[in-house]
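This is what each chain is made of:
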Amino acid sequence: MAIKPLIDASRIAQRVIELAHEITHDYLGKELVIVPVLKGSYVFAADLVRHIDLDLSVDFLGVRSYGDAQESSGVVEISTDLSHPIEGKHVILVEDIVDTGLTASYLNQNLITRRPASLKLASLLHKPSRTRKTVEIDYLGFTVDDVFVVGYGLDHAEKFRNLPYLAVITDEPSS
Ligand code: 5GP
């Protein structure tokens, strides 16, 4: 197994700033709640919120779906719920990656029942080739091929979340 760099830290930083500026522009004067989906999106969300120039709050959602496997089971469950109601609030769900779309679609359906004023999705990455449920990504960082990505919060068996850049795991033996 080897780690191959995919997107370097400065490109990520630049894109995150662009997305934060878009969000700042779109939510002027609105009460915004940023909801990072744990654990994969915590680094992205931490960088993103620091460039959003608005009054906002942050609340976390924990989901269980993947285990250590590289395939989505299709079964998604909320393991840690929001700590405050979102009724009447403008909510942005923040994902690390939309792969099959099953997680984002499940969370969308769940959160919409709580009657937010609006609900949008930000995702650092999207793998369109793997779509099983189409979800609209309102704020997207990068589109990637069908590869397994780690780093910048994303893990493989809980490792690599601390890499400051995005990388791909390959089967090539490491040199
Ligand atoms: P989906 O439900 O869209 O298939 O999968 C969403 C979740 O699967 C992501 O939030 C992430 O935790 C995990 N996932 C999907 N693709 C990758 C990947 O390439 N790398 C990592 N580290 N996790 C992934």
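Model, not experiment: these values are computed from the prediction. (Residues numbered from 1 in each chain as written. Predicted model: local features only at pLDDT ≥ 70, side-chain atom pairs only at ≥ 80, totals over all residues. Heavy atoms only, no water.)

### Structural notes on the site of the ligand
Near the ligand, the surroundings consist of 17 residues, among which Asp-96, Thr-100, Thr-103, Val-149 and Asp-155 are the closest. A distance of 2.9 Å separates an oxygen atom of the ligand from a polar atom in the backbone of Asp-99. In the environment of the ligand, a nitrogen atom lies 2.7 Å from a nitrogen or oxygen atom belonging to the backbone of Val-149. For the ligand, the protein covers 92% of the area, taking 500 Å² as the surface of the free molecule. Going through the elements one at a time, strand E6 (90–98) and helix H3 (102–112) are the ones with two or more residues in the shell around the ligand. Looking at the shell around the ligand residue by residue, the classes come out as 8 nonpolar, 4 polar and 5 charged. (Near = heavy atom within 4 Å. Polar contact = N/O pair within 3.5 Å; in protein donor to acceptor, adjacent residues only side chain to side chain. Areas by Shrake-Rupley, 256 points an atom, 1.4 Å probe, with all protein chains shown as cover. Helix = DSSP H or I, 4+ residues; strand = E, 2+ residues; numbered from the N terminus. Nonpolar A, V, L, I, M, F, W, Y, C, P; charged D, E, K, R; others polar.)

### Details of the side chain of Ser-123
The residue Ser-123 is located in strand E7 (residues 118–126) in this model. Here Val-98 takes part through its backbone nitrogen, which lies 3.5 Å from a polar atom of the side chain of Ser-123. Residues within four places of Ser-123 in sequence aside, it is in contact with Phe-44, Glu-95, Asp-96, Ile-97, Val-98, Ile-137, Tyr-139, Leu-140 and Gly-141. (Contact = heavy atoms within 4.5 Å.)

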